Structure formats: structure tokens, C-alpha cells
Amino acid sequence: MCTCIPELPDADPRLGRRYHQLVVSHVPPAQRVAAGLRVPPGVAQPFAATQAAWRFLNNPAVTLPQLAGPLVVAARAGVADACDAYVLVVLDWSPPHYGGHASKARRVELAHSGDLGYDLLTVLAVGDRDGAPLAPLSLDLRAAGGVHTTRADRVRRTPSPLDGLGPVMAHAAGLPAPTGKPPVFVIDREADSVGHYRRWDRAGRDFVVRADDNRLVLHDGKEVKLPAVVDRLKRAKAFADARAVLLDGKPARQFDFGELSRAVAETPVVLHRPARRHRVDRKTGKKTRRDVPGPELALRLVVSEVRDERGRVLARWLLLTNLPAAVPAATAALWYYWRTSASAVEPWRVESYHKLLKGAGQHVECWQQQTPAALSRRLAVAAMAAVVVWRLARDASPEAADFRAVLVELSGRQMKRGGGPDGTPARGFTEPALMAGLGVLLPMLHLLETHDPDDLRRLADKVLPGLLPSRGRQDSG
């Protein structure tokens, strides 16, 4: 039987059932003051269920690669029906902060000495057709003593953040392999590193990375910073209106620099300078820096701006990519736009996924798991709950549309009317609204299996008379 929650591989039936219950318990959104494990509807003994969940999350026999198995199954299924030529693999860091959680073991310093927590790297598969999120391919949680990762059943040594991306890319590249869709890694400017560009290109990894404005390149044989390249393109009046977009939910226009014929163009640049390697000496604890020469690397620079109706620049992206020329520059810009944007008419991106974990949805920074191992297991479970909602969101069947409408009604949330700036109709739902609706529907269905609706109404009218409207009375407001 096809199920929206794939089975936990290599697990005995008891652990498999517990995993399913935990995923279901993470589908409804949590409250900040009640971010603990929710008890699934129909469980007769909530305390016993909570204890069982605690044992599951602290069970060394439940490995992170095992918990990643259902995510990989969901990703492969999603790639098959949501990707045309490539699978986009978006990488992003988001540290859960636990400065006030002294009970948390092995916290690391984040932004400063008083900011303690863990560093989370999410590798999210996204469809190249419309930017629909499919499933996390891997999760890495950096703690004192190493990295807890769904890629291995043991704690890995902590590399530098960018050095760690090589093994992550190699792992992700093999997961959707049966679909024949090669991955394109889309990363923000934390990954703007000459040495790592060279490594990734040498390993055959296709990437789109946002570059820093201070990046020096060779352009037309001259060494210049990227903003100077942009100025040359502006003087050439090479703007081409590409498409309507939304930035933070507000209408804007995205412009790609190209020929006046409106054919999207990009300009070639060459990375020629030595890589600058920053490390911390393990013996002395001091920061070291050295230049590492390397071969020149020819890349494509795609420059994209988002402007409002008055022509004011709202955002500018300088993107470096080694994608083949068969992929238009406008497509590369669109893929990065999908990484950064989420709105009422477009699906979640990786940054919105992290907002889900921290804000409305999971409230991960209020979780009470005391070890990074237990926290990592729960993150993998919560990821599968997000996949369930994403699958419902992208289901194009009439039944799914009707079901989403029911869930929005149950959620009690107002949906934005209208649509996108290019006339795209509004979806009529948001993923948080679907989660909220499921949070009402699941216990309601269980209640209706054990209670008669007429008995429930009579009970409410008896105890709280006048609370419910009389049957048949229409709301005139």
C-alpha cells in the first residue's frame, strides 16, 4: 500500500510504529509554551506514549541514516515527478540557539561567547520545474565533539563549514541517482570561496553560488571587482525584463542583464587569484592564514536585480556558476530566487523550512532533548512531517485540492486573495495553514470514531447553552 510516510528501514515493527506515531505528532504545529512531543490522537495513555517517544529518541539502535531512509525515499519519488532536467539541492545553515538551556550537552559557541547552541546544515532537494521543496537529503548538527549527521551512524570529526560541503555534495549526488536527474547545488554567499569553487568543479559538481561584492575576477583581461563588471553591463544598457516576482510577498520585477534582444545573457569571468585558507591551529588555538595557488577557473557571472515599480533596486544577486551554456542565465537566476523567496503564491524554500523549525511549526529552540544525538533524531522525524505537508501542497489531484480547502477552513486562518504580480493565481493555502488544519482534523476524526456528533452537540448545549448556533441558522454577518 502506498503511504505518505515511508516505512523506517531495517526496524522491528514496534520501532516502525513508534516512528510513524512520532511523525504524525509533529505534523500539527506546536505552541512555543508547549513545544514538547505531542501525543497522537487515539493514544490511551499519554504519559506512556511520551516515555516511549523519549526512549525512541535516545535509543542508540535507532541510527540517523535509518531515520534518513524515509526522507530519501520521499525525495526520489519527488524528483521523478517534480524535476525536468535537474534536481536542485539547496544548502543552508541555521543554528538553533540554546543559550538559556544549561541542561543541553555539548553546545558550541555560535555568534559570540554568550551565544550557545548547535549549528544545523540542511540539504534540501527542490524541483527545477517550479521550486517545490521535496525532502531534506541530509541533516548535519554540529556539536562539541563532532557532527551528528544522517550520512553516518557515528559522530564525524568537525571540519570547517566549507570543507564539510565536499562530502555532503558527494552524498547528495548519489541519492536521486535512479531518476537520472543530476544535482545543481544552490548556496548562499557563505560558500563564496575560490579554493572550494576549484574543488567542486574538479569533482564535477554543478553549482550556483551567490558571490560577495568584493570578489576579484578577470573580466575582459582586466582584474576588477564584481561591482565594476555590473557597472560595465549597465553602461551597455543591457537590461532585459525577465519576469514578475515577489520579494517578501511584495510585487517587484526581476531584471537579468542581457542583450537588447531580450535574449538572456551572462558574462564570462575567470577566478585567477590564490585561494586564501583560514584555519585554527589545533595545538596553539591560533588562527592561521595562507594563500593556496590554483589553476584559473572560468565561470559564468549572472547578475540579477529585483526592482519595484519605481525602479528602485530591492535586491541584487551576483551569481557564479559552472553550469553548461545549455542552462540559460535566466534559469540560474530563477533557481537562486527560489532559494530565497517564499510567498502566498509560491512554496516554501529552505530558509522558510528553517523558519518552520524555529517559529510557527516546531519551535525547535524550545525542545527539551538534552543531547545532540536525541535532538538530531527528532530533527529527522520533524523533517518527515514537513515532507508530508509538502507532498500534500504539490498534489495536483482534485481530491487534494478539496482536502486542502477543508484544512484551511479548519485552520481558521485567512488566506491572501489575488495572486502573483504576473497574474499567477493564489494557491489558496499555505503550508502552516495545512499543518494547523491537520492539527484539528486528526483528533476530530478520532473523536468522531468514538462519539456520536448529536451526543456531542447535546452535551455542549447542556453545559454551555448558547455557545453553538442553532441548527439551520445562517450567519447574516
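About the thresholds
- Residues numbered from 1 in each chain as written.
- Predicted model: local features only at pLDDT ≥ 70, side-chain atom pairs only at ≥ 80, totals over all residues.
- Heavy atoms only, no water.
- Helix = DSSP H or I, 4+ residues; strand = E, 2+ residues; numbered from the N terminus.
- Contact = heavy atoms within 4.5 Å.
- Phe/Tyr/Trp six-rings, centres within 6.5 Å; stacked < 30°, edge-to-face > 60°.
- Buried < 20%, exposed > 50% of the residue type's maximum accessible area, 1.4 Å probe, protein only.
- Expected span 1.5 Å × (residues − 1).
- Polar contact = N/O pair within 3.5 Å; in protein donor to acceptor, adjacent residues only side chain to side chain.
- Patch = residues over 30% accessible without salt bridge, like charges linked within 9 Å, V, L, I, M, F, W, Y side chains within 5 Å.
- Areas by Shrake-Rupley, 256 points an atom, 1.4 Å probe, with all protein chains shown as cover.
- Salt bridge = Lys/Arg side-chain N within 4 Å of Asp/Glu carboxyl O.
- pLDDT = per-residue confidence, 0-100.
- Pairing = 2+ DSSP bridges.

Undergrad: Any chance you could explain the environment of L299 here in plain terms?
TA: Position of L299 among the secondary structure elements: in strand β16 (residues 297-307). For the pair formed by L299 and T267, sequence separation is 32 residues and the distance between their alpha carbons is 8.8 Å. Excluding residues within four positions of it along the chain, L299 makes contact with F207, T267, P268, V269, L271, L320, T321 and N322.

Undergrad: For this particular structure, what's the right way to read the packing of aromatic side chains?
TA: Each aromatic ring pair is summarised here by two numbers: the centre-to-centre distance and the angle between the ring planes. Enumeration over the complete set of coordinates arrives at 8 aromatic pairs. Aromatic pair Y197 and F207: ring centres 5.3 Å apart, planes at 20°, arrangement stacked. Highlighted residues: Y197 in helix α5 (residues 194-202) and F207 in strand β8 (residues 206-210), separated in sequence by 10 residues. The same class applies to Y197 and to F207, which are both buried. Members of the aromatic cluster, joined through ring pairs, are Y197, W200 and F207.

Undergrad: Looking at this model, I keep getting lost on the side chain of H101. Mind explaining?
TA: If you trace the backbone, H101 turns up in the loop between β1 (87-94) and β2 (108-109). When residues no more than four places from it in sequence are discounted, the contact partners of H101 are R107, E365, C366, W367 and Q368.

Undergrad: Any chance you could explain helix α3 (residues 64-82) here in plain terms?
TA: Every α-helix winds through 3.6 residues per turn, so residues three or four apart in the chain are directed the same way. Between its terminal C-alpha atoms α3 stretches 26 Å, which fits the 27 Å expected from 19 residues at 1.5 Å a residue. Where α3 begins, one side-chain oxygen reaches toward the backbone nitrogen of Q66, 3.2 Å away; that side chain belongs to T63.

Undergrad: Sorry if this is basic, but what is going on with a nonpolar patch on the surface here?
TA: Taken together, the side chains of L459, V463, L464, L467 and L468 make up a nonpolar region of the molecular surface, amounting to roughly 480 Å² of accessible area. Among the structural elements, L464 can be located in the segment after α12 (453-463).

Undergrad: For this particular structure, what's the right way to read the pattern of salt bridges?
TA: Within this structure, the stated rule accounts for 15 salt bridges. Across the salt bridge formed by R339 and D92, the nearest N and O atoms sit 3.0 Å from each other. Taken together, the residues R339 in helix α7 (residues 329-340) and D92 in strand β1 connect sequence positions 247 residues apart. Each of the two residues, R339 as well as D92, counts as buried.

Undergrad: Explain the confidence of the model for the protein chain to me, please; I cannot follow it from the model alone.
TA: As a note on interpretation, predicted positions should not be read in detail where pLDDT is low. Looking at the protein chain, the pLDDT average stands at 84 and 83% of residues meet or exceed 70. Overall, residues 257-264 carries pLDDT values under 50, and its contacts beyond four positions in sequence, including any with other chains, amount to 22 contacts. Low pLDDT (under 50) marks residues 342-346, which in the prediction has 20 contacts with non-local residues, meaning those over four places away or in another chain.

Undergrad: Mind showing me how you'd approach the environment of L226 here?
TA: With respect to the element layout, L226 can be found in helix α6 (residues 226-235). Note: C-alpha distance between L226 and D212 (14 residues apart in sequence) is 8.1 Å. Those residues in contact with L226 that lie beyond four places of it in its chain are A211, D212, D213, R215, V217, L301 and L318.

Undergrad: Explain helix α1 (residues 13-26) to me, please; I cannot follow it from the model alone.
TA: Its 14 residues give α1 an end-to-end C-alpha distance of 20 Å, which sits within 8% of 20 Å, the value for a rise of 1.5 Å per residue. At the N-terminal end of α1, a side-chain oxygen is found 3.0 Å from the backbone nitrogen of R14, two or three residues along, and the residue is D12.

Undergrad: So what exactly am I meant to see when it comes to the pairing of strand β6 (residues 146-149) here?
TA: Look at any regular strand and the pattern is simple: side chains alternate between the two faces of the sheet. In this sheet, β6 lies alongside strand β5 (residues 133-143) in antiparallel orientation, the contact comprising 4 bridges. Across the sheet, the residue bridging to L141 is H148, located in β6. With antiparallel pairing between neighbouring strands as the criterion, β5 and β6 make up a hairpin whose turn holds 2 residues, including G145 at a positive phi of roughly 105°.

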